[in-house]
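Descriptive structure summary
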Amino acid sequence: MRLRAVGVSEAELSSELKDALDEFTAKNGREKSWTDDSVATRISVIGEKLGPMVATRLLGAYALVYQDASEIVHGSLYGINLFNIGRGKTPTNVEEFVEVANGHLIGILYALFFAITSYVRSNAELQGHQALVDLDSGQWERFEGLVKGQTTGDN
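Everything in this summary refers to the structure shown in the same document. (Residues numbered from 1 in each chain as written. Predicted model: local features only at pLDDT ≥ 70, side-chain atom pairs only at ≥ 80, totals over all residues. Heavy atoms only, no water.)

**Looking at the environment of Q67**
- Residue placement: Q67 occurs in helix α3 (residues 52–73).
- Since its relative accessible area comes to 45%, Q67 is described here as partly exposed.
- C-alpha separation for the pair Q67 and G79, spaced 12 residues apart in sequence, amounts to 9.4 Å. (Helix = DSSP H or I, 4+ residues; strand = E, 2+ residues; numbered from the N terminus. Buried < 20%, exposed > 50% of the residue type's maximum accessible area, 1.4 Å probe, protein only.)

Structure (structure tokens):
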């Protein structure tokens, strides 16, 4: 799917607009990203500026989603198998397939949790909201306890 302006010729573009478009257009005509750095490099830079807590969570979200989602979206054999089978044995009935789908959903929820808490933590630290930083730390400890199976009475 492509979206493009119809009826606007190159001749009608001002030199400033043409320069701006060229800055964000690759040689093949596709839109360029705002940076040439990889996602992992971007997370590393964030970690240098905001600390390991923020970077670790972003890296967790990235690791849980990016590679597998890319394989699934692009329809590779690995991606098709991952979507239909997961990482375990091949489902033999609907209930087992639902378990695989639930596993995908849990992974997505983990990734969302990592990304959202990283965002909240980084903004709270940058803006000096210590109460929010403390709340985040408490929520993270609670999350770790739930993952380890050590729930508290105030769930």
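**Topic: the packing of α3 against helix α5 (residues 94–126)**
- Running from amino to carboxyl end, α3 crosses α5 at an angle of 155 degrees, the nearest separation of the two axes being 8 Å. On the basis of their axis angle, the class for α3 and α5 is roughly antiparallel. As α3 packs across α5, the resulting crossing turns out to be left-handed. When α3 is examined against α5, the residues M53, V54, R57, L58, G60, A61, L64 and V65 are found in contact with a partner set consisting of G107, Y110, A111, F114, A115, T117, S118, R121 and S122. (Axes fitted to C-alpha atoms, helices over the stretch in contact; angles between N-to-C directions. Parallel < 35°, antiparallel > 145°, perpendicular 65-115°, else oblique. Left-handed = near helix turned anticlockwise from the far one by under 90°. Contact = heavy atoms within 4.5 Å.)

**Points about the nonpolar core**
- If you look at the biggest cluster of nonpolar residues, it comprises five residues: A61, A111, F114, W140 and F143.
- For this core, the elements supplying multiple residues, two or more each, are α5 and α6 (130–148).
- Apart from residues lying up to four places away in sequence, F114 is in contact with R57, G60, A61, L64, W140 and F143. (Core = buried A, V, L, I, M, F, W, Y, C linked by side-chain atoms within 4.5 Å.)

**What about α3?**
- For α3, built from 22 residues, the straight-helix expectation of 32 Å at 1.5 Å per residue is met to within 8% by its first-to-last C-alpha distance of 30 Å.
- All of the buried residues in α3 are V54, A55, R57, G60, A61 and D68.
- Residues of α3 that are buried sit in contact with α2 (39–50), α4 (77–85), α5 and α6.
- A positive phi of about 70 degrees marks G75, the residue just after α3. (Expected span 1.5 Å × (residues − 1).)

**Remarks on the packing of α4 against α5**
- Contact geometry for α4 and α5: axes closest at 7 Å, N-to-C directions at 110 degrees. It follows from the interaxial angle that α4 and α5 lie roughly perpendicular. Of the residues in α5, those touching α4 at L82, F83, N84 and I85 are F97, V100 and H104.
- Within the contact of α4 with α5, the residues separate by chemical class into five nonpolar, two polar and no charged. (Nonpolar A, V, L, I, M, F, W, Y, C, P; charged D, E, K, R; others polar.)

**A few points about the packing of aromatic side chains**
- This structure, assessed with the given rule, holds nine aromatic pairs.
- Ring centres of F113 and W140 lie 5.6 Å apart, and the angle between their planes is 10 degrees; this geometry places the pair in the stacked category. Of this pair, F113 sits in helix α5 while W140 sits in helix α6, placing them 27 residues apart in sequence.
- Residue classification places W140 among the buried positions, given a relative accessible area of 13%.
- Feature note: the residues Y110, F113, F114, W140 and F143 constitute an aromatic cluster, connected by ring pairs.
- Above the ring of W140, the side-chain terminus of R57 is found at 4.2 Å from the ring centroid. (Phe/Tyr/Trp six-rings, centres within 6.5 Å; stacked < 30°, edge-to-face > 60°. Lys NZ or Arg CZ within 6 Å of the ring centre and 35° of its normal.)

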